[in-house]
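Chain residues, written in single-letter form:
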Amino acid sequence: MAHRNGHSDRPARSHPSKGLVGFVIVCALLSLIWFNAGSEGQLRKTYSSLSNEAEKPASFSTTASAGSEQQTVDAQLHNVTSPSMNVSLPAPFPTLSPPDNEEYMAICMAVKNQSRDLPEFFTHYYFHHGIRRFYIFDDGTEPPLSSVTYPIPSSAITWVYFQPHLHSDQLDDRKGIQEQYYSGCVTMFGDRHTWMGFLDADEFLEMTGGETLSGFLHEWARNNTVGAVGVNWLVHSSAGLLTRPAEGPRKAFNRCIVDDPNNDNLKVKTFVRTALFDTMWNCHCVAVLKNGAIQVGEHGDVIDKSCDRKPITRDRWGLHHYGTKSREEFLEKQARGKIRGGKSTEHWWNKIENAEQRDCLELTKYVP
C-alpha cells in the first residue's frame, strides 16, 4: 500500500548504482575475450558470443518518485540502456579453414633463435590453413624454442632437437644440413601424412583462388604423376621500417617487389607427397621423386632443378616471403646466420630494397 507521504508498507527494493552495474558488465565482457588458443571452437565461440553480449543493454532497477508529497507513485521497473562501450573482437577474416584433424598435411621447418617469429607463423597456419601438425627442427636455440608458450595447442607441435654429434654448428661447414633436416622429417614422420610442406618462419601462404589448402592438395593427389607442388614467392621489403614492429610482419610489411623474370619472386617453396619423396635438391624444391613423379606449379607446369618457376603466377596460391623485415630484424638475421650455412648479405638487402615495389595489402586484413 502506498501512503501520501511517499513511503510504502512494502520492503524497500535495492537499487544497484549505475557505476556498479557498469563495472559488472565490463568484467563480463572482458571475461569473454579470454582466448583459449587450444581450441579453434573456442575462438569461433569467443568472436560470436562477445559480439552478442556487446549488443545487450545494461539494465538496473529504479523507482520513479513523485513531484510532490500529495502524489502517490507505484514503484516501477525501468530498463536503462548504458552508453556504448565499444568492446568487441573482430570477426575472423577470411573465414577460418576447417581443421585438418586427420593430419592429411603437415609443415616441417628448421629454425634457430626465432622464438619471437613463431607465434604469428603458428597462428597463421593453424587457424587460416587448418594445419594441425608442425615439425620444428630446433637448430640449437638456447634456451630451446619449446620452452616458450605459443598461441596454439602444444600438442600440435613436434620438436626435434639439434644433435651436435651429427651436425657441425659452424656456419661455414653446414652445406646441405637444411636438406638433411627435411629428408629426415619425411623419413621419421612422412608415413603419418599425405603431404608435407617445407617452409621457413618468414613465409606465409595465401590461397588466392578461394580454395582451402587441404582442398587444393586433395585435388593434386588425384594425379599420380604429381609428387610435389611448388608455390611462387612474393618477396616483401622492409616497407621503410627500421625496428621490429609490434603488430607483426603480415600487417607491418605491406610493400613487396614487382614480379620480374630476373628477381627472387621466381623462387618456389614446396609441398611434397610423402609417399613419392626421395631427396631434396635444395631448400626450395625436390630433386628426385619416386615412380617418375614430377614437381609442378599451380597450373601443372613442370618445375625443374633450378627451383625457378616462370611465368610467375599466383592464381590459386602464393607465398608471402618477409625476407628482409625491418633493418633491426635483418641485422639479427645476419648475426644468427642461415641454417644451411653462410649469412644473408647486404647485397641481398639492397637488391630487395632498391627493386621496384608495389603495395601488398592482402595479409594485412587477416584476423587472427
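Residues numbered from 1 in each chain as written. Predicted model: local features only at pLDDT ≥ 70, side-chain atom pairs only at ≥ 80, totals over all residues. Heavy atoms only, no water.

By the naming in an unreviewed UniProt entry, the protein is Glycosyltransferase family 92 protein, taken from Letharia columbiana. Its UniProt record gives the protein the following Sequence similarities (unreviewed entry) comment, quoted word for word: "Belongs to the glycosyltransferase 92 family." As stated in UniProt under Subcellular location (unreviewed entry), the record for the protein gives "Membrane". (UniProt positions renumbered as here; feature names shortened; annotations may be inferred.)

(A) Region of interest: the overall build of the protein. When its secondary structure is counted, the protein shows eight helices and 13 strands. Looking at the protein as a whole, 45% of its 368 residues qualify as buried. Look at the contacts in the protein between residues 6 or more apart in sequence, and 73% of them connect residues 24 or more apart. (Helix = DSSP H or I, 4+ residues; strand = E, 2+ residues; numbered from the N terminus. Buried < 20%, exposed > 50% of the residue type's maximum accessible area, 1.4 Å probe, protein only. Contact = heavy atoms within 4.5 Å.)

(B) Seen up close, unusual backbone geometry. Residue Pro94 follows Phe93 across a cis peptide bond; omega there is -15°. Following Val367, the chain continues into Pro368 via a peptide bond in cis, with omega recorded as -5°. Examined against the element boundaries, Pro368 turns out to sit in the segment after strand S13 (357-359). Positive phi, close to 65°, is recorded for Cys307, a residue that is not glycine. Its place among the elements puts Cys307 in the loop between strand S11 (294-296) and strand S12 (318-321).

(C) Fine view of the nonpolar core. The biggest cluster of nonpolar side chains holds 50 residues, and the ones touching the most others in it are Phe121, Phe122, Tyr125, Phe134, Trp195, Leu213 and Trp317. The set of elements that each furnish at least two residues to this core consists of strand S1 (105-111), helix H3 (118-128), strand S2 (134-138), strand S5 (203-206), helix H5 (213-221), strand S6 (226-235) and helix H8 (346-353). Looking at this core, the element that brings in the most residues is H3, giving six residues. When near neighbours in sequence (up to four residues on either side) are disregarded, Phe134 contacts Ile107, Phe121, Phe122, Tyr125, Tyr126, Ile152, Ala156, Ile157 and Thr158. Within the second largest apolar cluster, 25 residues are counted, among which are Val160, Val186, Cys283 and Leu289. (Core = buried A, V, L, I, M, F, W, Y, C linked by side-chain atoms within 4.5 Å.)

(D) Geometry of the side chain of Thr364. By secondary structure assignment, the location of Thr364 is in the segment after S13. Judged by its relative accessible area of 19%, Thr364 falls in the buried class. Among the polar contacts listed, one links the side chain of Thr364 to the backbone oxygen of Leu361, at a separation of 2.5 Å. (Polar contact = N/O pair within 3.5 Å; in protein donor to acceptor, adjacent residues only side chain to side chain.)

(E) Inspection of the environment of Arg327 at higher detail. Note that Arg327 resides in helix H7 (residues 327-336). Arg327 gets classed as partly exposed once you look at its relative accessible area, which sits at 24%. On a C-alpha basis, the gap between Arg327 and Leu242 in space is 4.7 Å, while along the polypeptide they are 85 residues apart. Beyond its immediate sequence surroundings of up to four residues, Arg327 is in contact with Leu241, Leu242, Glu346 and Trp349.

(F) How the structure looks around the pattern of salt bridges. Evaluation of the coordinates by the stated rule reveals 17 salt bridges. The partner of Asp308 in a salt bridge is Lys267, and the shortest N-O contact between them spans 3.0 Å. Of the two residues, Asp308 sits in the loop between S11 and S12 while Lys267 sits in the loop between strand S7 (255-257) and strand S8 (268-273), which places them 41 residues apart along the sequence. When its relative accessible area of 26% is taken as the criterion, Asp308 is described as partly exposed. For Lys267, a relative accessible area of 25% gives the class partly exposed. The structure contains a network of salt bridges with shared partners spanning Asp117, Arg244, Lys325, Glu329 and Glu332. (Salt bridge = Lys/Arg side-chain N within 4 Å of Asp/Glu carboxyl O.)

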